[in-house]
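Each chain, letter by letter, is given below.
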Amino acid sequence: MTPSPPPIPAPRPEDVATPAAIVAALYDVISGPRGQARDWNRFRSLFAPGARLIPSGRRPDGHTGHRVLTPEEYIARSDRLLAEEGFRERELHRHEERFGTLAHIFSTYEGLRDGDTKPFVRGINSIQAVHDGKRWWLLTVAWTPETAEYPLPSKYLRP
């Protein structure tokens with residue numbers, strides 16, 4: 001039997017007030033210097049029950065694929081690496097669409113490790129969020145890095 005995920009912690013109200021705020025909180029919570037533990041309860045507080053994180057891209061064997069993770073699986077896979085290497089992810093540009101209670105955000109990002117002056121990765125986070133009448137929740141965060149084959153389109157970069 002699969003263990004139940006821990007209860008969702010109460011969010012910081014400012015983190016879930018708008019789609020822009022929840023995206024900023026997501027970037028903030030996974031970013032930090034080498035040796036700094038991440039605030040995984042803050043991370044958990046952003047995600048709706050059943051939410052998924054979906055990295056996609058080219059694998060070392062050359063095939064393209066994706067992986068579907070729960071927030072708990074993401075934490076288990078990322079915790080040690082983020083703290084050991086230090087990692088900062090920042091938004092370069094955002095394109096947001098809304099209809100009713102749904103928001104879709106294409107957030108162009110870049111990632112840097114401690115000591116980097118240039119990003120080692122850039123790409124797009126495709127983020128779906130929903131408003132329940134009280135707050136915004138993350139439903140899915142799917143991402144893929146920029147490659148030589150798939151450079152970032154100018155419309156997803158700052159003008």
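Residues numbered from 1 in each chain as written. Predicted model: local features only at pLDDT ≥ 70, side-chain atom pairs only at ≥ 80, totals over all residues. Heavy atoms only, no water.

Draft legend 1. The arrangement of the overall build of the protein in detail. When its secondary structure is counted, the protein shows 3 helices and 6 strands. Rg of the C-alpha trace for the protein: 16 Å, near the compact-globule value of 15 Å for 159 residues, within the 12% margin. Split into buried and exposed, the 159 residues of the protein put 39% on the buried side. Within the structure as shown, the protein displays about 9,400 Å² of accessible surface, and the carbon and sulfur contribution to it stands at 56%. One way to put it: in the protein the 22 positive side-chain charges average out to a point 1 Å from where the 20 negative ones average out. (Helix = DSSP H or I, 4+ residues; strand = E, 2+ residues; numbered from the N terminus. Rg over C-alpha atoms; globule rule 2.2 N^0.38 Å. Buried < 20%, exposed > 50% of the residue type's maximum accessible area, 1.4 Å probe, protein only. Areas by Shrake-Rupley, 256 points an atom, 1.4 Å probe, with all protein chains shown as cover. Lys, Arg positive; Asp, Glu negative; His and termini not counted. Charge placed at Lys NZ, Arg CZ, Asp CG, Glu CD.)

Draft legend 2. Here's a closer look at helix H3 (residues 71-85). With 15 residues, H3 ought to run about 21 Å at 1.5 Å a step, and its terminal C-alpha atoms sit 20 Å apart, in line with that. Of all bends in H3, the biggest is about 45 degrees, found at Ser78. Among all positions in H3, only Pro71, Tyr74, Ile75, Ser78, Leu82 and Ala83 are buried. Packing partners of the buried residues in H3 comprise helix H1 (19-30), helix H2 (40-46), strand E1 (47-58), strand E3 (87-99) and strand E6 (136-145). After H3 finishes, the residue Gly86 shows a positive phi value of roughly 75 degrees. (Expected span 1.5 Å × (residues − 1). Bend = angle between axes of the 7 residues up to and from the residue. Contact = heavy atoms within 4.5 Å.)

Draft legend 3. Expanded view of the layout of surface pockets. If you add up the space inside the largest pocket, you get close to 920 Å³. In terms of lining residues, the largest pocket is bounded by 31 residues, among which Pro55, Tyr74, Arg77, Ser78 and Trp143 are the most central. Those elements that place two or more of their residues in the lining of the largest pocket are H1, E1, strand E2 (64-66), H3, E3, strand E4 (102-113), strand E5 (121-131) and E6. Split into classes, the residues belonging to the lining of the largest pocket amount to 17 nonpolar, 7 polar and 7 charged. (1 Å grid on protein atoms, 1.4 Å probe; cavity = no way out; pocket = protein on both sides within 12 Å on 5 of 7 lines; lining within 4 Å. Points joined across faces, edges and corners; volume = space filled by probe spheres on them. Nonpolar A, V, L, I, M, F, W, Y, C, P; charged D, E, K, R; others polar.)

Draft legend 4. Representation of the side chain of Glu110 in the model. On the secondary structure map, Glu110 appears in strand E4. On the accessibility criterion, Glu110 (10% relative accessible area) is buried. There is a polar contact of 2.5 Å between the side chain of Glu110 and the side chain of Arg90. When near neighbours in sequence (up to four residues on either side) are disregarded, Glu110 contacts Arg88, Glu89, Arg90, Leu92, Pro119, Val121 and Arg122. (Polar contact = N/O pair within 3.5 Å; in protein donor to acceptor, adjacent residues only side chain to side chain.)

Draft legend 5. Structural view of H1. A rise of 1.5 Å per residue sets the reference length of H1, with its 12 residues, at 16 Å; its end C-alpha atoms lie 17 Å apart and thus fit the reference within 8%. Most of H1 is tucked away, with 9 of its 12 residues classed as buried. For H1, the set of buried residues is Pro19, Ala21, Ile22, Val23, Ala25, Leu26, Tyr27, Val29 and Ile30.

Draft legend 6. Spatial organisation of the sheet that holds E6. Judged by pairing direction, the sheet is mixed, and its 6 strands sit side by side in the order E2-E1-E6-E5-E4-E3 without closing on themselves. In this open sheet, the two strands that pair with only one neighbour each are E2 and E3. Across this sheet, the average inter-strand angle for adjacent strands is 15 degrees, counted without regard to direction. Pairing of E3 with E4, which is carried by 12 bridges, proceeds in the antiparallel orientation. Paired with Phe99 across the two strands is Leu102, which belongs to E4. (Pairing = 2+ DSSP bridges. Axes fitted to C-alpha atoms, helices over the stretch in contact; angles between N-to-C directions.)

Draft legend 7. Local environment of the side chain of Ser107. Checked against the element boundaries, Ser107 lands in strand E4. Within the structure, the side chain of Ser107 is placed 2.5 Å from the side chain of Tyr27, a separation counted as a polar contact. One polar contact links Ser107 to Glu91, side chain to side chain, over a distance of 2.6 Å.

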